[in-house]
Each structure stands twice: as C-alpha cells, then as structure tokens.
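# An overview of the molecular structure
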Protein chains: 2
Amino acid sequence: MEEKDISQAVISRLPRYFRYLGELRDEGVERISSQELSELMKVTASQIRQDFNNFGGFGQQGYGYNVEFLYKEIGKILGLDKTHNLIVIGAGNLGQALGNYMNFEKRGFILRGMFDKNPDLHGKAVRGIPVQPMENIESFVRENNIDIAVLTIPKTSAVDVAEVLVNNGIKAIWNFAHVDLNVPEGIQVENVHLSDSLMKLSYNLERYNKENTK
Amino acid sequence: MEEKDISQAVISRLPRYFRYLGELRDEGVERISSQELSELMKVTASQIRQDFNNFGGFGQQGYGYNVEFLYKEIGKILGLDKTHNLIVIGAGNLGQALGNYMNFEKRGFILRGMFDKNPDLHGKAVRGIPVQPMENIESFVRENNIDIAVLTIPKTSAVDVAEVLVNNGIKAIWNFAHVDLNVPEGIQVENVHLSDSLMKLSYNLERYNKENTK
DNA sequence: AAAATAATGTCAATGAATTGACACAATAAA
DNA sequence: TTTATTGTGTCAATTCATTGACATTATTTT
C-alpha cells in the first residue's frame, strides 16, 4: 500500500464513493463499471477511475469493479477498519447530537467521554457515557488512548481547550467552534463551520433570485 | 452591483473573510491591507485581492481596505442584510441545536417553525417555536414565506420530504441528511455531511500516523 | 478457439484556481 | 509642492484538477 501524496480534493470524494458502494452492496450488486457508477453519482467516469487509481488498481479491465472489494478497500483507506476513541467537549445540544449518533459507532468511532463546564450537566449520561467536568480532560485523554476530540464549545474557549488537548497528546480535532485553531504541525484539524455553510447557501439563494427577477 | 459568475471556491472563502473582518471591526481596527490580512488569515495577499475584485474594487491604492466598509459589503454579498425565514425539519438533538443557535438569528436567519414526526415532541418549544407534526409542513411553507428548510431527519425520509418542500415553493435546503437530494434546477442545496467530514479527519489521522511510524 | 465487446489504467489535453509581478494611483513624508 | 512609499487592481505565469482519448487486457459471444 504505497500511498503517495493524494490531494484533499480526492480525499473529500472518498466518503461519497464509500456511501454509494455501501448502498450498492446492500442491494446485492456485485460488480459495477466506472461508467455505471458515474451515471449514478453524476460525476465523470474518468474522475472515478483517476481517483481510484491514486491508491492502486482496484478494478479489472473488461469486468469493472467488484463492489464488495472496492467498498472495503475505500473503508480501509479512510481508516474505518480501525477503532477510534472519541471524546466530545461541550455537551450542549450539538455535542449530545454527535455523541448520540449511532452511525459513527458503526464506523468504528467510539464515544469514550463527554465534558462540559456546566455543573448541571455533570453526571448526565449520553449513551451510557457520563458528562464530566472540564478539569478531567487532561488525565482522561492521557489515560484512555483518545484519538479524536470533538469540539462543540463556544469559540471563546475553543482555542484554549485545543491547546490543552494538544499538550496531552491528542492527534485529531473535529472542530465545530467558529474559530480557526492554531495547532502544531502534525495535529489534524477538520473544521465544520456551520454558519459558513449557511452563509454560502444564503449567497446562492440570493444570487439565483437576483438573476431570475431581472 | 454587476456580479458575474463567481466560482464556488471564492464564495466558500467569503464567510471566513467576513468573520475576520467582524473581529477586526470589533477590535476597533479601521483599515487593513491585503498584506496584513493575509498574514492574519494565512492565505496569500494575492488571493485576497483577487477574491475581492470579483465583486468590484473595495480598496484604495496606497490605503488598503476600510474594515467597516468591507465587512458590510461582504455581508451584503452573502445576503446577510436581508431576513431569511427558516424552518427546521427534524427536532432531535441536531435540529434543536440548530434551532437554538442564536448567532444565526443575529445574521438574519429567523426560525419560524419546527417539525417532527414524533408525537412526543409536538408542542414542545424551541426558543418559543413549538414543534409541529409533519403534516403541517405544506401549508406552513406556503403561508409563511419560508426561504430555507433545514433538514435534520434520517436519510430514509429526507428525499421524500425534500420533494414536498420543493413542491410547496422552498428555494433552499440546508441538508444534514446523509443522502444526495435530487432537486430541480434553481433550488439551492447545501449539504452538511457530517460523517464525510469525520471520515476525512480519520484519513488524515491515519495517513499522518503511517507516515511517521515508518 | 477465435472474434467481438467491454472497461480499466494511464497519458495527454484542457480547464480552473492560485500565485507572482508590476503599472499606476493614492497617501504620507520631505 | 515635490518626492517617496504604500498597496490596490489586474495581467501573466504557474500550479493543480478535471476531462478526454486510447492502448491494452479481460470477458463474453459465436
């Protein structure tokens, strides 16, 4: 498995392939050509082949791709064959929603701890995992082999908490706080800036309306 | 305001500019050069100037950009000077989290209705907005000038609900369901596929670990 | 078993996005 | 008022991403 330097554009498309292949597999489809898949997903067949080839040939000329095999391979590329230990920091609605989401567990992302600064929430459990005070984060991260921290706290505290996490060995942060975290090289941050997404929708909405009313 | 065809790559960056400019304004900064902003935001100055110029010149040679003015202009481009009426469909944790998020209201996105198929939730209020049964969606959308529907329901029902929405005049859908909606031309869809985002983080985490353990 | 068909992997061509360079206009300094 | 500096707007160059084309190899049909 000699992965070179794959562009993030390609990586961003992998989960979508994974989803479609999973659905095909569930429907009992055994093989599929890039052409068929391209019609289903509304992308070019060329892009599909190009994308898969970044990771070596998964298909066979004259046959196409084996759905089950390809599904599993992409899962492996995405690291879904391994278990990842998660903690959620910020147990408000959003934190609880993410903690409760069963599908993540199905993919190997296991909720190990929840933290909040609000004492009223302490002890309250999300899927059996009790909410702890923020002070516990440091030791918990160190002692429980936590891979990913989910940040669902206001931006005012996010930067500080991120620093604590990094100092205690966190390697990946899924950041829902509306702020850019400044972490050292080698720490992975994936931002989900919901309001950015909503503003983009707003732009496109306005844009289209404007275009079609003149 | 002669907007041509701006690429989505540019649009995606606008909310981040907006955020930084808002913070600068709050700090009392009056002017800023593309060079200074580029250092702050860690992008190239050239990109900043190029981006802004898509919408006409906001700056002045020898001076730079007026923070307040630029902030407001970008807000207008993003449609934040107008009010948008929202409904949230799916009043689980995620739907409630989004419905409760005050910052959206600050930007003109006003929650007008919430819907869920679970009768236990009916009548329960999120910021004064009661949860209604799904059957009410059609008339509510038609009678309340709803611009944006937020879909926080399972993928199994999302496609059908989207169709109902479109049939009743919705122009924009903020889609959190893990499925691709197939809507007619002119209906804006902004997808937030959380599990895709988590998988991308997982890939980058694995990738980096692999690279640094051999 | 041979011929026809299907479909990948890959290279080349095109297109899009980003960066660099600089003329020119406004500001600030002399 | 004149000169020096700053910094935009914009064009050109480069880099990156996508699409198209096709040789090659496997499968299927005759």
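Residues numbered from 1 in each chain as written. Chains lettered and ligands numbered in written order. Predicted model: local features only at pLDDT ≥ 70, side-chain atom pairs only at ≥ 80, totals over all residues. Heavy atoms only, no water.

### Some words on the layout of surface pockets
The gaps left among the atoms become clear once a water-sized probe is rolled over them. Defined as follows: Both site types are read off a 1 Å grid over the protein atoms alone. A 1.4 Å probe that fits but cannot get out defines a cavity, while an open set with protein on both sides within 12 Å along at least five of seven lines defines a pocket; lining residues have an atom within 4 Å of a point. Grid points are joined across faces, edges and corners, and a volume is the space filled by probe spheres set on the points. Numbering goes from the N terminus for both helices and strands, where a helix is a DSSP run of H or I of at least four residues and a strand is a run of E of at least two. The nonpolar class holds Ala, Val, Leu, Ile, Met, Phe, Trp, Tyr, Cys and Pro. Asp, Glu, Lys and Arg form the charged class, and all remaining residues, Gly among them, are polar.
Here the largest pocket is characterised by a volume of approximately 1400 Å³. For the lining of the largest pocket, the secondary-structure elements that each account for two or more residues are α1 (8-26), α2 (34-41), β10 (188-191) and α9 (194-211) of chain A together with α1 (8-26), β10 (188-191) and α9 (194-211) of chain B. Counting residues per element, the lining of the largest pocket draws most heavily on α1(A), which supplies nine residues. When its residues are assigned to classes, the lining of the largest pocket shows 18 nonpolar, nine polar and 14 charged. In this structure, the second largest pocket occupies an estimated 980 Å³ of space. Taken together, 40 residues line the second largest pocket, and the ones lying closest to its centre are Ile153(A), Pro154(A), Lys155(A), Tyr101(B) and Asn103(B). Those elements that provide at least two residues to the lining of the second largest pocket are α5 (93-100), α8 (155-167) and α9 of chain A together with α1, α5 (93-100) and α6 (102-106) of chain B.

### Some details on helix α2 (residues 34-41) of chain B
Residue and element names in this part refer to chain B. Note the following rule: Burial status follows relative accessibility: with a 1.4 Å probe on protein chains alone, a residue under 20% of its type maximum counts as buried, one over 50% as exposed, and anything between as partly exposed. The reported arc concerns the directions from the helix axis to the C-beta atoms and nothing else. Residues count as neighbours in contact if any of their non-hydrogen atoms are within 4.5 Å of one another.
Inspection of α2 places Ser34, Leu37, Ser38 and Met41 among the buried residues, and these make up the whole buried set. All buried residues of α2 project into a common sector of 105° when viewed along the axis, lining one side. Buried positions along α2 lie against α1, β1 (31-32), α3 (45-53) and β3 (64-66). Positive backbone phi, approximately 60°, marks lysine 42, located one or two places after α2.

### What about the protein's contact with DNA strand D?
Heads up, the rule is: Only heavy atoms are used to decide nearness, and a residue is near a molecule or strand if one of them lies within 4 Å of it. Two N or O atoms form a polar contact when they lie within 3.5 Å of each other; inside protein one atom must be a possible hydrogen donor and the other a possible acceptor, and for residues adjacent in sequence the pair counts only when both atoms belong to side chains.
Inspection of the region around DNA strand D gives 25 residues, with Gln50(A), Gln61(A), Ser34(B), Asn53(B) and Gln61(B) positioned closest. Per the 4 Å cut-off to the protein, sugar and phosphate atoms form 58% of the nearby atoms of DNA strand D. At a separation of 2.6 Å, a base oxygen of DNA strand D approaches a polar side-chain atom of Gln50(A). For the surface near DNA strand D, the elements supplying multiple residues, two or more each, are α3 (45-53) of chain A together with α3, β2 (59-60) and β3 of chain B. A per-element tally of the surface near DNA strand D places α3(A) first, with four residues. Taken together, the residues of the surface near DNA strand D break down into three nonpolar, 17 polar and five charged.

### Examining empty space enclosed by the protein
Counted according to the given criterion, the structure contains two cavities of 30 Å³ or more. For the largest cavity, the calculated volume is near 80 Å³. As for the largest cavity, its lining consists of Leu86(A), Val88(A), Leu98(A), Gly99(A), Tyr101(A), Phe104(A), Glu105(A), Phe109(A), Leu111(A), Arg127(A), Val150(A) and Trp174(A). For the lining of the largest cavity, the elements supplying multiple residues, two or more each, are β4 (84-89), α5, α6 (102-106) and β5 (109-115) of chain A. Per-class residue counts for the lining of the largest cavity are nine nonpolar, one polar and two charged. Reported here for the second largest cavity is a volume of approximately 60 Å³. Considering the residues around the second largest cavity, the lining is formed by Leu86(B), Val88(B), Leu98(B), Gly99(B), Tyr101(B), Phe104(B), Glu105(B), Phe109(B), Ile110(B), Leu111(B) and Arg127(B). Contributions of two or more residues to the lining of the second largest cavity are made by β4 (84-89), α5, α6 and β5 (109-115) of chain B. Residue contributions to the lining of the second largest cavity peak at three residues, all from β5(B). Across the lining of the second largest cavity, the residue classes break down as eight nonpolar, one polar and two charged.

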